[in-house]
Amino acid sequence: MSNAASTDHASPHATGGPFAGLRIWFTMLAICLEERLVYRGDFIIGTLMRFLPIVTQVFLWTAVFNATSKADIAGYSRNDIVAYYLLTMVTRAFSSMPGLSGGISRSVRDGSVKKYLVQPVDYVAYLLAARIAHKLVYYIVAILPFAGVFYVCRSYFPPVPDAVTIVAYVLSLVLSFLLGFFMEATLGMLGFWFLEVSSIIFAYMLVQYLLSGHMFPIDMLADIPTGIAGVSIADVIRWLPFEYTAYFPAAVWLGKIQGATLARDLAIEAGWVVVMAVACRIAWWRGTRRYSAFGG
Amino acid sequence: MHNSNRGGPVDTDGAAVITVDSLAKEYRVYDKPEGLLASVTGLFHRTNRLVEALRGVSLTVGRGEFVALLGPNGAGKTTFLKLLSGIITPSRGTARVLGHVPWERTDDFRRRFALVMGQRNQLWWDLPAAESFRLHKEIYRIEPARFDRTRDELVDLLGVRKLMLQPVRELSLGERMKLELVAALLHEPEVLFLDEPTIGLDVVAQHTIHGFLKAVQAERRVTVVLTTHYMKDVAALCERVVVITHGSILHDGPLGEIVDRFTTHKIVTLDLDATPAPGQMERFGFPCEIRGPRVTLRIDRTRIADVLPEILRSESVRDVSVEDVPLEEIVATLFRAGAAAPMAEATA
């Protein structure tokens, strides 16, 4: 059979093959890794700073427990609370995306996004590779301080959960990474419509901080009614994406969510990942179309 | 089996690689009046206006041509290159590059051309260029053996083999530009768009890049379209010059033709024995500039054969040279002519 792809100039291009896309992606990942390693010093400082807010939270809750005679608040003992905060820190290490939305909107503003219009490469795939590299380097640097803190605080934790819970926990963490990534990437692509997205990012951060479980466990809101019979604030938040970027995996590890509820919530989390991935793709398509029409 | 019907875009030698027909691009810009009060009212009511960056440009470029786009700032040169590389969509008109509509941005098209914008880098800032090259190898799906060969050839042509292992941020502007060019050519594009490739570079670097582009173009029959403000680039590289002012093509033809068409004078420089007396040179009736014993006259091209012998007879001349008006000056005249043209249209 004649080679349909050949031209009169011998083509310099190897045939694609089904794994060509994957190979591009892994090369991107490798190069992003190298680039991140240039900044390892910055990472070490950043990692250590992360522990500071936790310390103040622990002090705050210690004061709260000292002031009350109760052994637990909304099902959390003092030990549970400390364990909870340490675990949300782990979730945030997966789901937080420092600089992602800002970086995307900046690349639109300063025009460096053009490169991804001219080259046969997918911007979202590139961003994902870059972010995974970012995270991997972060974990390499952060594993020691994290392990140290968890060792020191080991007495606060309940016994290690069963295998099913551990699998669900790991799955919820991976999904929280993807969810955080696609939410913030979509946010950054608003830069195609608005010149400056930092105030939008700030508003998002606020909502995220309140509803993700960063400040307190979401199930503490289970008794607060919304006005609709039988529906609490926590029930509403469950159907939003935010709690899956901090609260949910921590609650899974602590055994607060189990059985059918666990399966349902994992499905909600996975559903949000799909929704945000699609939203991100649409934002990119429409955004680049707008960019092409209005300026570039 | 004979492979005449390739199914893909047809681009045999000599045929057009780029065809552009009545291509136009308008931008809507917001007028922001000066002052705080105006800024506040601007929050509620904005006046916008259409800017015509390109007003119906048509041209055809054949395989292996080297075309320079000249024009003052804001003439529409970069808009034109952005349209041809598919970054922006036109308001009206059509364009085909290698048989593709550029702004459809198919991967097949994007593997066959390259765009280098002078001040934008496609190289990774913190890594050696060799790493960016490796990424290009994957993105453009270049065969490993071919990649090595092409890369070695290109870096040797530019003399930057050692530099490709150094982080890009440590390199000078000229060195970076050379490596950008290598990155752009690794996938052996058939069409190359260059937006002010020599901007800010010293003479030596400019010269190296000229030599490089010439060699690459000759060897690979790459079709090159370049925008520049440097007449040296044009003189060294381009047989064909397209002058764009106010979004329209003012002139399209060989460089020599511009000189013929738009110059009325020759520059005659005389070295006299002594500084001429006042009125001594002026009496020939041509604009002249006197610096000590050196006199520069602008003489009508049609009259030079009559006038020059007369001057040589009547003055004691040590040395004489006759030159064309510098290209810069011709182009400046052209730009001014272009600036006047739209007004003429408007009143017509």
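Residues numbered from 1 in each chain as written. Chains lettered and ligands numbered in written order. Predicted model: local features only at pLDDT ≥ 70, side-chain atom pairs only at ≥ 80, totals over all residues.

Looking at the overall build of chain B
Definition in use: In this description a helix means any DSSP run of H or I spanning at least four residues, a strand means any run of E spanning at least two, and both kinds are numbered starting from the N terminus. Counting other C-beta atoms within 10 Å of a residue's C-beta gives its exposure: the residue is buried at 20 or more, exposed at 12 or fewer, and partly exposed in between, where C-beta atoms are placed from the backbone. Contact definition: two residues whose C-beta atoms, as placed from backbone geometry, lie within 7 Å.
For chain B, the count of helices and strands is 11 helices and 13 strands. In terms of overall dimensions, chain B has C-alpha extents of about 75 × 60 × 50 Å along its principal axes. For chain B, the residues scored as buried account for 37% of the 348 residues in total. For chain B, long-range pairs separated by at least 24 residues make up 74% of all intrachain contacts whose partners lie at least 6 apart in sequence.

Some remarks on the overall build of chain A
The helix and strand inventory of chain A stands at 12 helices and 2 strands. Walking chain A from its N terminus toward its C terminus, one meets helices and strands in the order α-α-α-β-β-α-α-α-α-α-α-α-α-α. A principal-axis box enclosing the C-alpha atoms of chain A has dimensions of 85 × 45 × 40 Å. Classification of the 296 residues of chain A by burial places 35% in the buried group.

A look at helix H9 (residues 198-211) of chain A
To keep things clear, this is the line we draw: Expected span of a helix, by definition, is 1.5 Å for each gap between consecutive residues, and there is one gap fewer than residues.
Helix length check: H9 of chain A (14 residues) gives 20 Å between terminal C-alpha atoms against 20 Å at 1.5 Å per residue, within 8%. Residues of H9 of chain A that are buried make contact with helix H5 (100-109), helix H8 (163-189) and helix H10 (233-238) of chain A.

Focus: the environment of Gly174 of chain B
All names here are of chain B. Inspection of the secondary structure assignment puts Gly174 in helix H6 (residues 173-185). Of the residues examined, Gly174 has 18 C-beta atoms within 10 Å and is grouped as partly exposed. Between the alpha carbons of Gly174 and Ala332 there is a distance of 27 Å; along the sequence they are 158 residues apart.

Focus on unusual backbone geometry
Residues and elements named next belong to chain B. Of note in this structure, Ser22 is not a glycine but carries a positive phi near 45°. Take Ser22: it is sitting in strand S1 (residues 16-31). The backbone phi angle of Glu188 is positive, close to 50°, even though this residue is not glycine.

A few points about the sheet that holds strand S4 (residues 92-97) of chain B
Residues and elements named next belong to chain B. As a reminder, the rule being used: Strands were regarded as paired on the criterion that DSSP finds at least two bridges between them. Orientation is described by axes fitted as lines to C-alpha atoms, over the contacting stretch for helices, and by angles from 0 to 180 degrees between their N-to-C directions.
Strand order in the open sheet formed by 3 strands is S2-S1-S4, and the pairing between neighbours is antiparallel. One side of each edge strand has no neighbouring strand; the edge strands of this open sheet are strand S2 (47-62) and S4. In this sheet, neighbouring strand axes are inclined to one another by 25° on average, regardless of whether the strands run parallel or antiparallel. As defined by bridge partners, S1 adjoins S2 across 12 bridges and the pair is classed as antiparallel. By the bridge assignment for S2, Asp31 is matched with Thr47.

What about the domain arrangement of chain B?
You'll often see interface size given as the accessible area lost when the parts meet. Filter applied, for reference: Each domain span listed reflects an automatic or database assignment of domains.
The domain boundaries assigned to chain B delineate domain 1 (16-21 + 60-259) and domain 2 (264-324). Between the C-alpha centres of domain 1 of chain B and domain 2 of chain B the distance comes to 43 Å.

Some thoughts on the sheet that holds strand S9 (residues 248-254) of chain B
Through backbone hydrogen bonds, the strands of a sheet pair up, either in parallel or in antiparallel fashion. Residues and elements named next belong to chain B. Read across the open sheet, the 6 strands follow the order S5-S6-S7-S3-S8-S9; overall the sheet is mixed. Unpaired on one side and paired on the other, strand S5 (113-117) and S9 mark the two borders of the sheet. Strand-to-strand, the axes of this sheet are offset by a mean angle of 15°, without reference to chain direction. Relative to strand S8 (residues 240-245), strand S3 (residues 66-70) is paired through 4 bridges, and the arrangement is parallel. Within the sheet, the bridge partner assigned to Val67 lies in S8 and is Arg240.

Some remarks on the pairing of S9 of chain B
All names here are of chain B. Pairing of S8 with S9, which is carried by 6 bridges, proceeds in the antiparallel orientation. When the sheet's bridge partners are listed, Ile244 is paired in S9 with Ile249. Joining the antiparallel neighbours S8 and S9 is a turn of 2 residues, in which His246 adopts a positive phi near 50°.

Notes on the pairing of S5 of chain B
Residue and element names in this part refer to chain B. With 5 of 5 residues buried, S5 is to be regarded as a mostly interior element. With burial as the criterion, each face of S5 is covered, one bearing Phe113, Leu115 and Met117 and the other bearing Ala114 and Val116. Pairing between S5 and strand S6 (residues 191-195): 5 bridges, direction parallel. Counted as the bridge partner of Phe113 is Val191 from S6.

Quick look at the packing of H8 of chain A against helix H12 (residues 259-294) of chain A
All names here are of chain A. Applied cut-off: Reported orientations rely on four angle classes, namely roughly parallel under 35 degrees, roughly antiparallel over 145, roughly perpendicular from 65 to 115, and oblique for the rest. Definitions for this section: a left-handed crossing has its near helix turned counterclockwise from the far helix by less than a right angle. A right-handed crossing has that turn clockwise. Under the scheme applied, nonpolar residues are Ala, Val, Leu, Ile, Met, Phe, Trp, Tyr, Cys and Pro; charged residues are Asp, Glu, Lys and Arg; polar residues are all the others, including Gly.
Closest axis-to-axis distance for the H8/H12 pair is 8 Å, and the angle between their directions is 25°. When the axis of H8 is compared with that of H12, the two are roughly parallel. Like other packed secondary-structure pairs, H8 and H12 cross with a definite hand, here left-handed. Taken together, the residues of the contact of H8 with H12 sort by class into 20 nonpolar, 3 polar and 1 charged.

Brief notes about the confidence of the model for chain B
All names here are of chain B. As a reminder of what qualifies: Per residue, pLDDT captures the predictor's confidence, and it can take any value from 0 to 100.
This prediction gives chain B a mean pLDDT of 85; 91% of its residues lie at or above 70. Least confident of the elements in chain B is helix H11 (residues 327-347), whose mean pLDDT is 64; most confident is S4, at 95. pLDDT under 50 marks residues 1-12. Its contacts with residues more than four places away, or in other chains, come to 15 contacts. Interface confidence in the predicted complex, given as ipTM, is 0.78; pTM for the same model is 0.83.

Points about the confidence of the model for chain A
Put simply, chain A has an average pLDDT of 86, and 92% of its residues get 70 or more. Below pLDDT 50 for its whole length, residues 1-9 of chain A participates in 10 contacts with residues either more than four positions away or in separate chains.

Comments concerning the environment of Leu84 of chain B
Residue and element names in this part refer to chain B. Its place among the elements puts Leu84 in helix H2 (residues 77-84). Taking the C-alpha atoms as reference, Leu84 lies 8.0 Å from Arg96; in sequence the two are 12 residues apart. Sequence-distant contacts of Leu84, defined by excluding residues within four places in its chain, comprise Ile18, Ala95, Val97, Pro102, Phe193 and Val225.

Considering the environment of Val149 of chain A
Residue and element names in this part refer to chain A. Counting through the fold element by element, Val149 comes out in helix H7 (residues 123-152). A sequence separation of 98 residues divides Val149 from Phe51, and the C-alpha atoms of the two residues are 8.9 Å apart. Excluding residues that lie within four positions of it along the chain, Val149 makes contacts with Phe51 and Leu86.

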